[in-house]
Amino acid sequence: MAKSRKIKEKYTAKQQSEPKTFESAAMEIVSFARESVAPIVSERIQKTKPFVFWGSDNLYPNDLVRMSDNSALHSAILDTKSKMIAGNGIIFEKDNSEAEKFLNEATENWGGIKKTIERLAVDLSYFAEIALNVQFNEGGKIGTIKHSDISYLRSGKMDLQTRTVKEWYHSTRWDIATNKRNYSVDDEIYRPVVIPSFDEKRIREKGSRDTGQLIVAKRYSPSVIYYAKPSYIGATNYIHVAAKIANFHKSQLDNGMMGNMHIHLKQDLTNAETRRRVLKEMNEQYAGTNNAGTIILTYGLGDANIPIITPIQSNDAHTQLALLNEKVNQEIVSAHGIPRRLTQLDEKTGLGGAKTMEDVDMYQTLQISPEQKLIEDTFNQILRFNGIKEEI
């Protein structure tokens, strides 16, 4: 065996997914490390596009939804938060009040005011931003109100004179619409539709009559102009780690709890290209958290060429992952600002009792009430526009 070792590292985008190896004359130690990057909030403006990218690839909302799908704790907290924001809907002080009658009639085609608020609450929990599409009647007043999924919307560019956004773009498939130029018949439904921002001076314009107008509301987020930052943004890396821990344990079970492996192929792999192809195939099979262990690959013809391998003592991965999982859970809970007791992570305390009610009150005051106030202010804006003096 040669004394010197040469570290081969390839940094091109194509080769980042291939295994990094430590090479000698007849042995390679294969490291199946794969880097994962949590989604990053960014607003990117391109001269050739009329809309502002939400995330570097314009798919940041999709990334946030995917994060929820892959983390049980994160998903449960979002569900709890959205249900608490929605509560029991709006309770009107007066029976059959003008405000109650109007809001019920304006939303009845889409499930009523309670369902509308439930959808807005989900958007606030996930994206910290909400949108309502309003249509106008012949008298120039708002006649219908419909929830608009904020993940389907992209902001137009700010008017430099008025410092306002005058239009939004709607598509249900931004993975198609972001860079599409020519639309086929099947893809035409994904072409972005321009929807004017809410502006009473533009009610009579054709665009407002065809698509209605959008009322978009969000709380202030520093360093961003067009979109909001979710409250849990500080834990996005930990949410990714939580998904990887779960996937690692699942893969260990799928692989029969197999640990580290030493594979010796009795074939001539001295040709670098052939060896690279074999290693790439093995990397695709075993890389990342889908692999429960490490493979050491040796090669050579004949038993005389088999190197002596010293057994590698594995670390206590399960203990380390248990400690890491506890840290991850704590960071996710902290980012959401929810008392740990309400997540059922504290098995000793459980749910119930005065302490739990104190936690509920604190969470309601610090996290839930401000989100409810945003929804209330948005509907009160609509009521005032229609000349209804009541507030919700």
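The following refers to the structure shown. Throughout, a residue's number is its position along its own chain's written sequence, starting from 1. Side-chain atom pairs in this predicted model are given and counted only at pLDDT of 80 or more, local residue features only at pLDDT of at least 70, and totals for whole chains, interfaces and linings cover all residues. Excluded from the side-chain calculation are hydrogens and water; included are all heavy atoms of the structure.

Re the packing of helix α2 (residues 72–86) against helix α4 (residues 112–127)
- Between the N-to-C directions of two axes lies an angle of 0 to 180 degrees, each axis being a line fitted to C-alpha atoms and, for a helix, fitted only over the stretch in contact. Each helix corresponds to a stretch of at least 4 residues labelled H or I by DSSP, and each strand to a stretch of at least 2 residues labelled E; elements are numbered beginning at the N terminus. Relative to each other, α2 and α4 sit at 135°, their axes nearing to 8 Å. It follows from the interaxial angle that α2 and α4 lie oblique. As for the relative orientation of α2 and α4, their crossing is right-handed in sense. In this structure, α2 uses Leu 78, Lys 81, Ser 82, Ile 85 and Ala 86 to contact α4, whose residues at the interface are Ile 117, Glu 118, Ala 121, Val 122, Leu 124, Ser 125 and Tyr 126. Oblique is the label for every angle not falling under 35 degrees (roughly parallel), over 145 degrees (roughly antiparallel), or within 65 to 115 degrees (roughly perpendicular). By the definition used in this description, the sense in which the near helix is turned from the far one sets the handedness, with an anticlockwise turn below a right angle giving left-handed and a clockwise turn giving right-handed. Contacts were defined at the residue level, with two residues in contact if any of their heavy atoms lie within 4.5 Å.

A closer look at the nonpolar core
- We define a nonpolar core as any set of buried Ala, Val, Leu, Ile, Met, Phe, Trp, Tyr and Cys residues linked to one another through side-chain atoms lying within 4.5 Å. Exposed residues in this analysis have more than 50% of their type's maximum accessible area, buried residues have under 20%, and partly exposed residues fall in between, with area computed by a 1.4 Å probe over protein chains only. In this structure, Phe 102, Ile 145, Phe 379 and Ile 382 are the most contacted members of the largest nonpolar core, which totals 62 residues.
- It is helix α10 (residues 354–385) that contributes the most residues to this core, eight residues altogether.
- In contact with Ile 382, other than residues within four places in its own chain, are Phe 102, Leu 132, Val 134, Ile 142, Ile 145 and Ile 215.
- Core analysis: the second largest hydrophobic core is formed by seven residues, Phe 51, Phe 53, Trp 174 and Tyr 183 among them.

Some remarks on the pattern of salt bridges
- Salt bridges, as used here, are contacts in which a Lys or Arg side-chain nitrogen is within 4 Å of a carboxyl oxygen on Asp or Glu. For the coordinates displayed, the defined rule picks out 17 salt bridges.
- Arg 340 is the partner of Glu 326 in a salt bridge, and the nearest nitrogen-oxygen pair spans 2.9 Å. With Glu 326 in helix α9 (residues 317–336) and Arg 340 in the loop between α9 and α10, this pair connects stretches of sequence that are 14 residues apart.
- Salt bridges here are not isolated pairs; linked through shared partners, they connect Lys 81, Arg 219 and Glu 371.

Observations concerning the sheet that holds strand β13 (residues 213–218)
- When DSSP finds at least two bridges between two strands, those strands are taken to pair. Strand order in the open sheet formed by three strands is β7-β6-β13, and the pairing between neighbours is antiparallel. Looking at strand neighbours, the two that pair on one side only are β7 (142–147) and β13, the edges of this open sheet. Within the sheet, the average angular offset between the axes of one strand and its neighbour, ignoring direction, is 30°.
- Here strand β6 (residues 129–136) runs beside β13; their pairing, made up of six bridges, is antiparallel.

Some thoughts on the sheet that holds strand β8 (residues 153–155)
- Read from one edge of the open sheet, three strands run β8-β11-β12, paired in antiparallel fashion. Looking along the sheet, the strands with just one partner apiece sit at the ends: β8 and β12 (193–196). Neighbouring strand axes in the sheet, compared pairwise and without regard to direction, differ in orientation by 35° on average.

Remarks on unusual backbone geometry
- One non-glycine residue, Ala 128, adopts positive backbone phi at about 60°.
- Tracing the chain through its elements places Ala 128 in the loop between α4 and β6.
- Look at Ser 223: it is not a glycine, yet its phi comes out positive at around 75°.
- Within the secondary structure layout, Ser 223 lies in the loop between β13 and α7 (236–254).

Points about α4
- Given the number of residues in a helix, its expected span is that number minus one, multiplied by 1.5 Å. Between its first and last C-alpha atoms α4 spans 23 Å; for 16 residues at 1.5 Å apiece the expected length is 22 Å, and the two agree.
- For α4, the complete set of buried residues consists of Gly 112, Ile 113, Thr 116, Ile 117, Leu 120, Ala 121, Asp 123, Leu 124, Ser 125, Tyr 126 and Phe 127.

Considering the packing of aromatic side chains
- Here a pair means two rings of Phe, Tyr or Trp (six-membered ring of Trp) with centres within 6.5 Å. Their orientation is stacked below 30 degrees between planes, edge-to-face above 60, and tilted elsewhere. Under the criterion given, the structure shown has ten aromatic pairs.
- Between Trp 168 and Tyr 227, the ring centres sit 6.5 Å apart and the planes meet at 70°, which makes this aromatic pair edge-to-face. Of this pair, Trp 168 sits in strand β11 (residues 167–170) while Tyr 227 is found in the loop between β13 and α7, placing the two residues 59 residues apart along the sequence.
- The buried category is assigned to Tyr 227, whose relative accessible area is 2%.
- In this arrangement the basic side chain of Lys 141 is found over the ring face of Phe 385, its NZ or CZ atom lying 5.8 Å from the centre.
- Think of it as a cone above the ring: NZ of Lys or CZ of Arg counts as a charge over the ring if it is within 6 Å of the ring centre and within 35 degrees of the ring normal. In this structure, Arg 173 is placed above the aromatic ring of Tyr 190, and the distance from its NZ or CZ to the ring centre is 5.4 Å.

Some remarks on the pairing of β6
- Counting buried residues in β6 gives seven out of eight residues, a clear majority hidden from the surface.
- The pairing of β6 with β7 spans five bridges and is antiparallel. Counted as the bridge partner of Leu 132 is His 147 from β7.
- Hairpin remark: β6 followed by β7, antiparallel, with five residues in the connecting loop; positive phi at Gly 140, about 85°.

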